[in-house]
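Listed here are the chains, written in short residue letters.
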Amino acid sequence: MPPPHGAAAVLLSPGPTSTLTVSTFTFLNSLGTGVVTNGIFFLTSSPAYGFSRTRNYVLGAVLGVTYILAASLAGRAVALLRRRFNLSSRGVLACIMILMAALCCVPFATIPDPASGQSAPQWPLWLLAVLYSPLTGVLWPMVEAYVSGGRAGQELRAIIGRWNVVWSSAIVVSYWGLAPLIEAHATIAILALGGFHLVGLALLARFTREPAPHAHDDGHEPAPAEYVRLLATFRLLLPLSYIVLSTLGPFLPGALERLGVRSGWAAAIASVWLASRVLTFALLRAWHGWHGRWWAAIAGALFMIGGFFGCVLSPLLGPGSAGIACMAASLMVFGVGMAAIYACAIYYALEVGRAQVDAGGTHEALIGVGYTVGPAAGLAASAAVDGGALAAGAFEPVLLTTVAGVSIGVAAVVAHRSNQQRRAEREPGSVR
């Protein structure tokens, strides 16, 4: 007999986990993943570790590959753990919290005695990349299933909008908390994250054993066919946006240094795009005019690509206020584009894909593709400069050309699909 679905599933399930509980859990864990997956390049570039640009790109590629593997296998991994160890989804989350907290202690435990004159070992950061990143690749699809489980229609739209604001604002907080610690206490920034994961572990007592099943509004049809087509489009734009982001991430510390920004405040300036993303998420939560609209895909892509180009070109203005202002403005534009693409992608993924770990896993795996391809492009250009195959000043042009080529290809596909849709809507008898 097939499992119950729709209204029957809602009646048989204990109901969804409360919005406040899921939001608090999300905020605490986003503080950690924000530092490790987004802010780690400011830690590695600090005097405590001294990673080169090329090594940062290698680290970024490792983060991406491990994230893809974990996110794409999240559904099967959870099912295996449940069968083998009789664990619930809540139990799997508890194991993840414990492992993450333990990993956050490793860099602090390996700090050498200051009297020895030795620098901090780099292997703990590689351990974080190899183990912490895939744990987040399993964590977030499961959290997304709890977010959307048992909800549909207006309620689903409201909680996704609120959830986007929560996790993105946590990353801003983590960047600002990271800034004063980078120069002298880089490992303490990671150690503090372990405490947040332990608080998240305590919160799991308020979670249901399993995410509530997905339910459509009574008397309403499932997601419109238009949403399915938009989901396919945003599944092109989502990895593209993270290709651009993960290319930009390892580049920013060096770029801000060339602009004359002290390393301790580079993370704070970089958070401009994160703050811009939070504000855009809040706007999209309050205003729903983008639902089912193709222009959102085009506008999001243009803002994201334009902001990236501005960031890469800003160091050419040289140290001083003009270059820093250009970088800040470009980061702001970039954040708007990233927010638009992510908000649309996660909304259509959960509305069309239903509240399943596999639906969130596909969404997160696409992010992982971007996390891998972007650093790989930056690594190729940086290694060519280091090896003498390219002049030192050729790094930015090569980076721009590579990202521009990928972006133009994806943008052409999106524009073609948008044009096809407009023609279909103009045909007599078409249904909107």
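A short tour of the structure in this document, coming up. Keep in mind that what you see is a predicted model, and the values were worked out from it rather than measured.

Digging into the packing of aromatic side chains
A complete count under the given rule lists 15 aromatic pairs for this structure. Relative to phenylalanine 207, the ring of phenylalanine 25 lies with its centre 5.1 Å away and its plane at 65°, an arrangement referred to as edge-to-face. One end of the pair, phenylalanine 25, is in helix H2 (residues 19-38); the other, phenylalanine 207, is in the loop between helix H9 (186-203) and helix H10 (225-258), and 182 residues separate them in sequence. Seen in terms of ring centroids, tyrosine 347 and tyrosine 348 are 5.3 Å apart; in terms of plane orientation they differ by 65°. Their pairing is edge-to-face.

A few points about the state of the cysteines
Considering all chains together, one arrives at zero disulfides under this definition. With no disulfide of its own, cysteine 311 lies 7.9 Å from the sulfur of cysteine 326, the closest cysteine sulfur. Taking the relative accessible area as the measure of exposure, cysteine 311 reaches 0% and is therefore buried.

Brief notes about the packing of H10 against helix H12 (residues 295-313)
Axis separation between H10 and H12 bottoms out at 11 Å; the angle between their running directions is 15°. Of the possible angle classes, the one that applies to H10 and H12 is roughly parallel. Judged by the twist between their axes, the crossing of H10 over H12 is left-handed. Side by side, H10 and H12 meet where Thr233, Phe234, Leu237, Leu240, Ser241, Val244, Thr247, Leu248 and Phe251 of the first sit next to Ala296, Ala297, Ala301, Met304, Phe308, Cys311 and Val312 of the second. Its residues placed into classes, the contact of H10 with H12 shows 13 nonpolar, three polar and no charged.

Section: unusual backbone geometry
Within the chain, asparagine 86 stands out as a residue other than glycine whose phi angle is a positive 55°. Within the element layout of this structure, asparagine 86 appears in the loop between helix H5 (74-85) and helix H6 (89-109). With relative accessibility at 66%, the residue asparagine 86 sits in the exposed group.

What counts and how
Residues numbered from 1 in each chain as written. Predicted model: local features only at pLDDT ≥ 70, side-chain atom pairs only at ≥ 80, totals over all residues. Heavy atoms only, no water. Phe/Tyr/Trp six-rings, centres within 6.5 Å; stacked < 30°, edge-to-face > 60°. Helix = DSSP H or I, 4+ residues; strand = E, 2+ residues; numbered from the N terminus. Disulfide = S-S within 2.5 Å. Buried < 20%, exposed > 50% of the residue type's maximum accessible area, 1.4 Å probe, protein only. Axes fitted to C-alpha atoms, helices over the stretch in contact; angles between N-to-C directions. Parallel < 35°, antiparallel > 145°, perpendicular 65-115°, else oblique. Left-handed = near helix turned anticlockwise from the far one by under 90°. Contact = heavy atoms within 4.5 Å. Nonpolar A, V, L, I, M, F, W, Y, C, P; charged D, E, K, R; others polar.

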